[in-house]
Amino acid sequence: MYRPRRILVAVLAAGLLSSCGQDAGSTGAASPRPLPSGTPTPSASASPLPVAPKTQLPVPSLYDTSRGWESNLPGDQFPLPHSGAVAVVQGGELTVLDVTNGQVLGKSTVTGPGSVSAFAITVQGKDYLVASSSGTVGGDVVRKGREVTTIDIFHARPTGNTVKPAHHLELDGDGSVTNGGGGGLLVTFEDDIFMTVDPATGETKKYDLRRQRPPARECKICIGVNEVLAVTPRGPLLAMSPRPFEHYWIPGSWSAKDISDSRVFITWVKDHFIAKWYDDAAKRETWAVLDGATGKVRAEVTCVPDRRDDDSDGAAVSAGGRYLVYSQTAFDLEKGTGHCFEETDQDKPIHLNGVTDDGVAFGVAPPTDEVEDPRVIVDLATGQVEPADYRVRPFADYSGYGLFWDDSTKTMVAYPHRT
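Predicted, not measured: the structure shown is a model, and the values here were computed from it.

Thresholds applied
Residues numbered from 1 in each chain as written. Predicted model: local features only at pLDDT ≥ 70, side-chain atom pairs only at ≥ 80, totals over all residues. Heavy atoms only, no water. Pairing = 2+ DSSP bridges. Helix = DSSP H or I, 4+ residues; strand = E, 2+ residues; numbered from the N terminus. Axes fitted to C-alpha atoms, helices over the stretch in contact; angles between N-to-C directions. Core = buried A, V, L, I, M, F, W, Y, C linked by side-chain atoms within 4.5 Å. Buried < 20%, exposed > 50% of the residue type's maximum accessible area, 1.4 Å probe, protein only. Contact = heavy atoms within 4.5 Å. pLDDT = per-residue confidence, 0-100. Disulfide = S-S within 2.5 Å. Phe/Tyr/Trp six-rings, centres within 6.5 Å; stacked < 30°, edge-to-face > 60°.

**Some points on the sheet that holds strand β15 (residues 204–208)**
The sheet built from four strands is open, its strands ordered β12-β13-β14-β15 with antiparallel pairing. Each edge of the sheet is formed by a strand with only one pairing partner; in this case those strands are β12 (176–179) and β15. Each strand of the sheet is rotated relative to its neighbour by a mean of 25 degrees, with strand direction disregarded. Two strands pair when backbone bridges link them, and strand β13 (residues 185–188) and strand β14 (residues 193–197) are joined in this way by four bridges, in the antiparallel orientation. Its bridge partner lying in β14, Leu 185 is registered against Val 197.

This is how it looks when you write it as structure tokens:
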């Protein structure tokens, strides 16, 4: 057993950022009972099926493997935590399942000028499913046609077999559409042009990186190339390269120098921003979660992880947005506290890779002679770490269920919490 780690209370900024679950890879396997035909409309509070899923995985003990469901749908899974649903997408085929019983809520088929890709995004506490495509339209033997990018935005809990998008956009140019974070979609084009899209309204805003300059407080003589990193409620988060970036700012809002006079590194996890800088007073690095709208610190902890600055493998936010884990740090954004699980004279380092709304974090300890990747459970209320014997952690946890991926059989499995 590990002893509880230190806790550092930080200043809480006003307002909570919304969160979304972790994306998963391709899926597909046999279901213990077939999905119903037609268009069922189950309640999100429906009781779990009284049959154990065929696939039994070695999961953490807080899940009940005697109940639940599993999916036979091929595709990529996208958790929709605020909607009690999970989307499965293969090409332009979108299917949304109720996370409590696996029944189909809605389906849609998206076409575009090129191959279709999709992702989920949460903005202001609402989930959206986004499908995009780029290619050439209007061309023939003589005419070249024109390049366009299409975006279809769906509400996360649809009903029907032919669900129509809430918004359909057709933008000029060959663009790349990505999840910009808590502020909306990010569409990047050639020639340093990019756009942001509000998924709630479909409203777009266009920017030219060549016309963006850091504020005077960031640097008097700035030499480098601008890049757009994310979208916040106040606008795009920009950075000036070369990497690692030296300057970060949101036009007309806040910049890295508002956080610290030291050199600041900023990255983002879902719709939260993680910042790191050297604390001269503590003579250690400070890691903090920032409010994307204001740049204010919501929680912080001093820590020196043995990972790279940009090591976000396994970074996660709980479905309700209270807890965030990143590398060897964990934060309670409601209390404004943080834990550091770095290596000490007494303890081995712990790398965190998942967290639930109950403040239970999952992690991996350094390998031993007996175990290549020892698993642990962390109580974020106390910072106490306990060894555990599970082998598969949930890729998302919400609505009382954990979602798991079995790579050997290509199956998505849902187990409820033990009662």
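So that's the structure; there's more coming.
**Topic: the nonpolar core**
Counting 33 residues, the largest nonpolar core has Ile 151, Leu 185 and Val 187 as its most contacted members. Ignoring sequence-local partners within four residues, the contact set of Val 187 consists of Ile 151, Leu 171, Gly 175, Ser 176, Val 177, Ile 193, Phe 194, Met 195 and Val 197. Tyr 248, Ile 259, Phe 273 and Leu 290 belong to the second largest nonpolar core, which has 32 residues in total.

**Overview of the confidence of the model for the protein chain**
Looking at the protein chain as a whole, its pLDDT mean stands at 86, while 86% of the residues score no less than 70. For residues 1–49, every residue scores under 50 in pLDDT, and the model assigns this stretch 183 contacts once sequence neighbours within four places are set aside.

**Thoughts on the state of the cysteines**
Applying the stated criterion across every chain, the model contains two disulfides. In the protein chain, the bonded cysteines, taken in the order they occur along the sequence, pair up as 1-2, 3-4.

**Regarding unusual backbone geometry**
The phi dihedral of Gln 124 falls on the positive side, at around 50 degrees, and the residue is not glycine. By the element assignment, Gln 124 lies in the loop between β8 (116–123) and β9 (126–137). The class of Gln 124 is exposed, set by a relative accessible area of 71%. In the Ramachandran plot, Asp 191 falls in the positive-phi region, its phi being about 65 degrees despite a non-glycine side chain. Along the chain, Asp 191 turns up in the loop between β13 and β14. Judged by its relative accessible area of 57%, Asp 191 is exposed.

**Notes on the pairing of strand β11 (residues 167–172)**
On any regular strand, side chains alternate: one points to one face of the sheet, the next to the other face. Burial along β11 is one-sided: His 167, Leu 169 and Leu 171 are buried, and none of His 168, Glu 170 and Asp 172, which face the opposite way, are. Pairing analysis gives six bridges linking strand β10 (residues 146–155) to β11, with the strands arranged antiparallel. Note that in β11 the partner of Thr 150 across the bridge is Glu 170.

**A closer look at the packing of aromatic side chains**
Here a ring pair, both rings aromatic, is described through the centre-centre distance and the interplanar angle of the planes. Summed over all chains, the structure comprises six aromatic pairs. An angle of 90 degrees between the planes, with centres 5.1 Å apart, marks the rings of Tyr 63 and Phe 404 as edge-to-face. Taken together, the positions of Tyr 63 in the loop between β2 (26–27) and β3 (69–71) and Phe 404 in strand β32 (residues 401–406) put the pair 341 residues apart, joining distant regions of the chain. Phe 404 carries the same exposure label as Tyr 63, and that label is buried. With a centroid separation of 6.0 Å and 80 degrees between ring planes, the pair formed by Phe 245 and Tyr 248 is classed as edge-to-face. Like Tyr 248, Phe 245 is buried.

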